[in-house]
Amino acid sequence: MDRMGAHMLNDQGIEINIIDEFEKDGYFYSDIELLYVIEGEIQVRIAETNYILEKEDVILLNLGLKSSVKALGEAIACSIRYDERLVSGLLKDMNYSFICNSVVDGGHSYEEMRRCFRELVCLLVTDSRRSDSLKYSLSYQLLDLLAEHFVDREYGKAAAEDQGTVKLQEIIRYINQNYCGKVSLSELAEKMYTSTSTLSRLFKKQTGIHFAEYVNQVRLKHAVSELLYTGNNITRIAMNSGFTNVSAFNRVFRDHYGAAPTEYRNQNKGDMEKKSRSKEQLKNKLQLELQTLEKLQGAERSKGSLCIEADAQNASHYEKSWNKAINIGSVYSLTLANLQYHVLALTEELGFSYIRVWNVFSKKLMICDGESVGYYNYDKMDTVFDFMVSHHIRLFLDLGKRPDTALKTPEVSVFYEEEYIEFQSREAWEAMVADFVRHIVTRYGKDIAENWIFELSYDTVHDEKYHGCYKDENFEYFHAYQFVYQTVKGELPKAQIGGPSALTEYMPESMEIFLEKCVRYQCIPDFISFMLFPYEIIKGDESYTYRRNMEDSFELNMVGKYKHMLKEHGMEQCRLYISEWNNSISNRNYLNDSSFRGAYFAKKICEIWDSVDMICCWMGSDWMSSYYDSRSFINGASGILTKDGIKKPAWYALSFLNRLGDSVIERGADYVITKRGDTSYAVLCYNFKGFSCNYFFLEEHEVAPSTIENLFENADPVRIKIALRNLPVGGEYIVKKHRVNRQHGNILEEWRKFDYDSSLARADIKYIQEVNIPSMERKRVTADRDMLLLETELEKHEIMLIHIYKQKD
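Residues numbered from 1 in each chain as written. Predicted model: local features only at pLDDT ≥ 70, side-chain atom pairs only at ≥ 80, totals over all residues. Heavy atoms only, no water.

An account of the pattern of salt bridges is requested, with residue identities and associated values reported.
Inspection of the entire model under this criterion finds 44 salt bridges. The salt bridge partner of Arg402 is Glu580, with a shortest N-O separation of 2.6 Å. Highlighted residues: Arg402 in the loop between strand S14 (394-398) and strand S15 (404-407) and Glu580 in strand S22 (residues 575-581), separated in sequence by 178 residues. Judged by its relative accessible area of 15%, Arg402 is buried. Salt bridges linked by common partners bring Arg356, Asp398, Arg402, Glu455 and Glu580 together as one network. (Salt bridge = Lys/Arg side-chain N within 4 Å of Asp/Glu carboxyl O. Helix = DSSP H or I, 4+ residues; strand = E, 2+ residues; numbered from the N terminus. Buried < 20%, exposed > 50% of the residue type's maximum accessible area, 1.4 Å probe, protein only.)

A description of the sheet that holds strand S30 (residues 788-794) should follow, citing residues and the corresponding values.
The 3 strands lie next to each other as S10-S27-S30, forming an open sheet whose pairing is mixed. Strands at the two margins of the open sheet, each flanked by one partner only, are strand S10 (305-311) and S30. Going from strand to strand, the sheet's axes swing by 15° on average, the running direction of each strand aside. (Pairing = 2+ DSSP bridges. Axes fitted to C-alpha atoms, helices over the stretch in contact; angles between N-to-C directions.)

Provide a residue-level description of the sheet that holds strand S26 (residues 680-686), including the pertinent values.
In a beta sheet, neighbouring strands are held together by backbone hydrogen bonds and run either parallel or antiparallel to one another. What the 7 strands build is an open sheet, ordered S11-S24-S25-S26-S31-S28-S29; its pairing is antiparallel. At either margin of the open sheet sits one strand with a lone partner, and together these are strand S11 (316-317) and strand S29 (775-783). Of the pairings in the sheet, the one linking strand S28 (residues 731-740) to strand S31 (residues 799-806) comprises 8 bridges and is antiparallel in character. Bridge pairing links His738 to Leu801 in S31. In the packing of helix H20 (residues 595-608) onto the sheet, contacts are made with strand S24 (663-667), strand S25 (671-677), S26 and S31, and the angle to S26 comes to roughly 120°. (Contact = heavy atoms within 4.5 Å.)

So, helix H10 (residues 246-257): which residues are in play, and what are the values?
Because an α-helix completes one turn every 3.6 residues, residues spaced three or four positions apart along the sequence face the same direction. In a regular helix each residue adds 1.5 Å, so 12 residues correspond to 16 Å; H10 covers 16 Å between its end C-alpha atoms and thus fits that length. Two or three places before Ser247, at the opening of H10, Asn245 has a side-chain oxygen 3.1 Å from that residue's backbone nitrogen. At the C-terminal side of H10, Gly258 shows a positive phi close to 75°. (Expected span 1.5 Å × (residues − 1). Polar contact = N/O pair within 3.5 Å; in protein donor to acceptor, adjacent residues only side chain to side chain.)

Account for unusual backbone geometry, with residues named and values stated.
Each neighbour pair has its own omega, and for Gly499 with Pro500 the value is 0°, a cis peptide bond. Within the secondary structure layout, Pro500 lies in strand S18 (residues 496-502). Note the cis peptide between Trp618 and Met619, where omega equals 15°. Tracing the backbone through its elements, the reader meets Met619 in the loop between strand S23 (614-617) and helix H21 (649-658). A positive phi angle, near 50°, is found at Ser501, a position not held by glycine. For Ser501, the location among the structural elements is in strand S18. The phi angle at Asn726 is positive, at roughly 60°, despite the residue not being glycine. Mapping Asn726 onto the fold places it in the loop between strand S27 (718-725) and S28.

A description of the side chain of Glu430 should follow, citing residues and the corresponding values.
Along the chain, Glu430 falls in helix H15 (residues 426-444). Residue Glu430 is classed as buried on the basis of its relative accessible area, which comes to 18%. One polar contact links Glu430 to Arg426, side chain to side chain, over a distance of 2.9 Å.

How would you explain the pairing of strand S4 (residues 32-39) if you had to name every residue and give the values?
Side-chain direction in a regular strand flips from residue to residue, so the side chains alternate between the two faces of the sheet. By the criterion of burial, S4 is predominantly enclosed, with 7 of the 8 residues buried. Where S4 and strand S7 (residues 58-61) come together, 4 bridges link them in antiparallel fashion. Counterpart to Leu35 in the pairing with S7 is Ile59.

Give a detailed account of the packing of helix H14 (residues 379-390) against H15, specifying residues and quantitative values.
Viewed as axis vectors pointing N to C, H14 and H15 meet at an angle of 45°, and their least axial separation amounts to 12 Å. As the angle between them shows, H14 and H15 are arranged oblique. At the point where H14 passes H15, the crossing takes the right-handed sense. Of the residues in H15, those in contact with Met381, Asp382, Phe385, Asp386 and Val389 of H14 are Phe436, His439, Ile440, Arg443 and Tyr444. Considering only residue class, the contact of H14 with H15 consists of 6 nonpolar, 1 polar and 3 charged. (Parallel < 35°, antiparallel > 145°, perpendicular 65-115°, else oblique. Left-handed = near helix turned anticlockwise from the far one by under 90°. Nonpolar A, V, L, I, M, F, W, Y, C, P; charged D, E, K, R; others polar.)

Report on empty space enclosed by the protein, specifying residues and quantitative values.
Summed over the entire model, instances satisfying the criterion amount to 2 cavities of 30 Å³ or more. Estimated volume of the second largest cavity: approximately 50 Å³. Looking at the second largest cavity, the residues that line it are Asp31, Asp83, Arg85, Asn176, Tyr179 and His222. Residue classes in the lining of the second largest cavity are distributed as 1 nonpolar, 2 polar and 3 charged. (1 Å grid on protein atoms, 1.4 Å probe; cavity = no way out; pocket = protein on both sides within 12 Å on 5 of 7 lines; lining within 4 Å. Points joined across faces, edges and corners; volume = space filled by probe spheres on them.)

Give a detailed account of the packing of H15 against helix H17 (residues 477-491), specifying residues and quantitative values.
Look at H15 against H17: their axes get within 10 Å of each other, and the N-to-C directions meet at 25°. One finds that H15 runs roughly parallel with respect to H17. Like other packed secondary-structure pairs, H15 and H17 cross with a definite hand, here right-handed. Along the contact surface, H15 presents Arg426, Trp429, Glu430, Val433, Ala434, Val437, Arg438 and Val441, while H17 presents His479, Ala480, Phe483, Val484, Thr487, Val488 and Glu491. For the contact of H15 with H17, the class distribution of residues is 9 nonpolar, 2 polar and 4 charged.

No statement about biological role is implied by the geometric values presented.
And the structure:
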């Protein structure tokens, strides 16, 4: 590869380069190399698999794997090579591997890596005096990201199955650590408890070359770097590279390169001068392309500044996974007129197609007594389903068992009551399910019912007597699921059926068993569902406890865990649904009413929307947790609407997300840019702040509206600078900004103006409802040629939707 500013690994074991020419031959990597595509496309072949990397893709070339890299047309990349000794020292493990490939890896976020690389490239093409120290600082940041998020946790298992690759990596590590001194195959064989001849055959089989030949290649690689990039004499270079004397060095060098080292150095002086000019041209080219970014950044990069450059024509289609379904509560709760009103608001204003409900077989619906077979009263259920069907709302039906409850903390409830019919036998439950399916087909028709979603959840938390749908000491969730699957598919072949919608961290082995049986008995679900709340679940001797999770990438990592499980069982095509998701499981936590939750929704949805097929927010309305203690018009419940229909910041976050275009141009840790039409664009930005330790000192229900501002890591604003280039037409554009922040669209701030009084008059509540809306501003901005520059500032937890469009003549 031709490298701009190429040099040997520094004393700390790092080499950073800009590459515009790529070698085509396969090579066994003796170091760890991280590649980031700046422009164009490159093809990376690892083992027998080809990967096509486009702009801003990242890939890691692992030690000991035969890899090749070539450009598909003109391309530029940034490369960082890490000495294997540096990496193994950091990990404190000699037996490691990484999974880092943005082309195929949907389980990780690569945005922080891209940010580091962008800054690194800027430093590499500038003449700043501070470039050297900063570029190595950034390279260590990237190495830290690799160590924290991209180590292959399954490597040990795979290593046990592929001893050849593991031994090859051990051999290469040995050579890397000893190439400048004595390298002994017999000594290595003794360390690896094998014979010299066996080790020699293994190496030849894995690499295609002999051990001694590879050692010489490694030594020559280091020698050539010294020849071309230092003024060291030949004797010094020979000694540094591990050759015992100059004669041996000259002989091996001439055999490989066809010239003595001195001749090679002299012959390549002219080429080095040409390459130097070529590198200068490459540097100038990158500097020109970075001028737009410089306009955004100014002379110095300021703290709290977010600089975005996006190509308006580089857009790709995506599916909106957050606006398909929302949780509303038990079927019985939908007999309430107020909740029906909220359902209409959710479907009509936020566009939800499905309403997810549970306890279809609720005691309160008076369907049956749980013991008799063949006698069922669907009157109350029919009133709910009739309402939904008459308004063209599809049902997402959880047929599982769960209590009527609201939680202060995961361990403390405000109210708890078993709501599900206590079926006395498997026979009674199965008869109920079968008759229910026949009933909805008869009443609503196959065409309507086949568009509903059917799920059997598995409550591993609440029920201490039995975790199942009916009383049976030998109850097994899979048998119940299998019956629901066969019954629903028998009547409604096109309907979706899935499960288990569980907090499977309680019993992770249960999920593995369930997936294995689905494959074995050929009843693979249309979707796998799971709950997602940011808690660690800790198993004690007799019970489980929750601990609030502080990891910023918790949600993304959990999604990656489920995707990995599906892959392990050959179920990659199975849809993945998050059935219930929120920042807290508590229904008495005022963070649910705050602008924090709005920013949390915006950030996390943008992180995971393309990793799952459906995200069901928890919950639609505060009516679902209205109990004797719900005396105020807001009380920390998890709805996105208050009981009076006032919209919380989380509602506005979903509304802003819905107004994004159908094609994404650019997505980062704090923003997403989309295309709505030929000359129409929508940008969503947010300034999310994580918790400080203050939050974790409180129980969740102890969070008070007046102290929320003290719970976060900082209150720093962020300045957003956007360059939208390659616009199809120049001229004047309309820019509309919609904001939700502390002053606008924030119900807690409006309540503060009433001194947090819990007994407001109806007129006061009506006033709050009318003023609690996002702000909006509009102005005209002229594009400079094909580029539009925008600048704005976001306060803590602010979310902003920017609509950019060409005004029609």
